[in-house]
Each structure stands twice: as C-alpha cells, then as structure tokens.
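One letter stands for each residue in the lines below.
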Amino acid sequence: MFSGMPALSHEEQQVAVEKIHQLIAEGMGSGEAIAIVAQELREKHQGKKQIRVLFEEDMQ
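Summarised in this report is the structure supplied together with it. Bear in mind that the values here come from a model prediction, so they are computed numbers and not experimental data.

**A closer look at the overall build of the protein chain**
So, point 1. The number of helices and strands found in the protein chain is two helices and two strands.
So, point 2. The order of α-helices and β-strands along the protein chain, N terminus first, is β-α-α-β.
So, point 3. Counting across all 60 residues of the protein chain, residues that qualify as buried make up 18%.
So, point 4. Within the protein chain, contacts between residues separated by at least 24 positions form 73% of all contacts whose residues are at least 6 apart in sequence.

**Structural notes on the environment of Ile24**
So, point 1. Within the secondary structure layout, Ile24 lies in helix H1 (residues 10-25).
So, point 2. Sequence separation between Ile24 and Ile34 is 10 residues, and the spatial gap between their C-alpha atoms is 9.3 Å.
So, point 3. If we ignore the near neighbours within four places in the chain, the residues touching Ile24 are Gly29, Ser30 and Ala33.

Reading the values: the criteria
Every chain begins its residue count from 1, and numbering advances along the sequence as written. Since the coordinates come from a predicted model, pLDDT governs what is reported: local features require at least 70, and pairs of side-chain atoms require 80 or more to be given and counted, while whole-chain, interface and lining totals use all residues. With hydrogens and water stripped out, all remaining heavy atoms of the structure feed into the side-chain values. Counting from the N terminus, the helices are DSSP H or I runs at least four residues long and the strands are E runs at least two residues long. Here the term buried applies to any residue with accessible area under 20% of the maximum for its type, exposed to any over 50%, and partly exposed to those in between, with areas from a 1.4 Å probe on protein chains only. Residue contacts follow a heavy-atom distance rule, with two residues in contact if any of their heavy atoms lie within 4.5 Å.

In structure tokens, the structure reads:
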C-alpha cells in the first residue's frame, strides 16, 4: 500500500514521538496513540508537500 505521509522536520518528528509516549504513559495502547498522532499530523499538513511511503508487506 502506498500512503501519502507529510514530510516532517526533525523537530516535528520529535514532538510526535513525545506525544505518542505521553499518550501511552496515560494508559492508551500504542496503536491507538500512533493513529491519533498520525491523524493530527495529516490534518495539520493537509495540502502541504507529502512523501510517498511503500510498506514492507507491499514489496513481496
């Protein structure tokens, strides 16, 4: 599956990771925390430059 993901600066990546860790520390599951942060990033970066991502399972 190809997925358009926002091109994030290193600082934006760090903030996202910290938010995921915070949500997990508050008791949220890791998958749900990642999904929430990813959705927030997509909304924040809507219409901006995106990179194409190829997931490993699609390479088989």
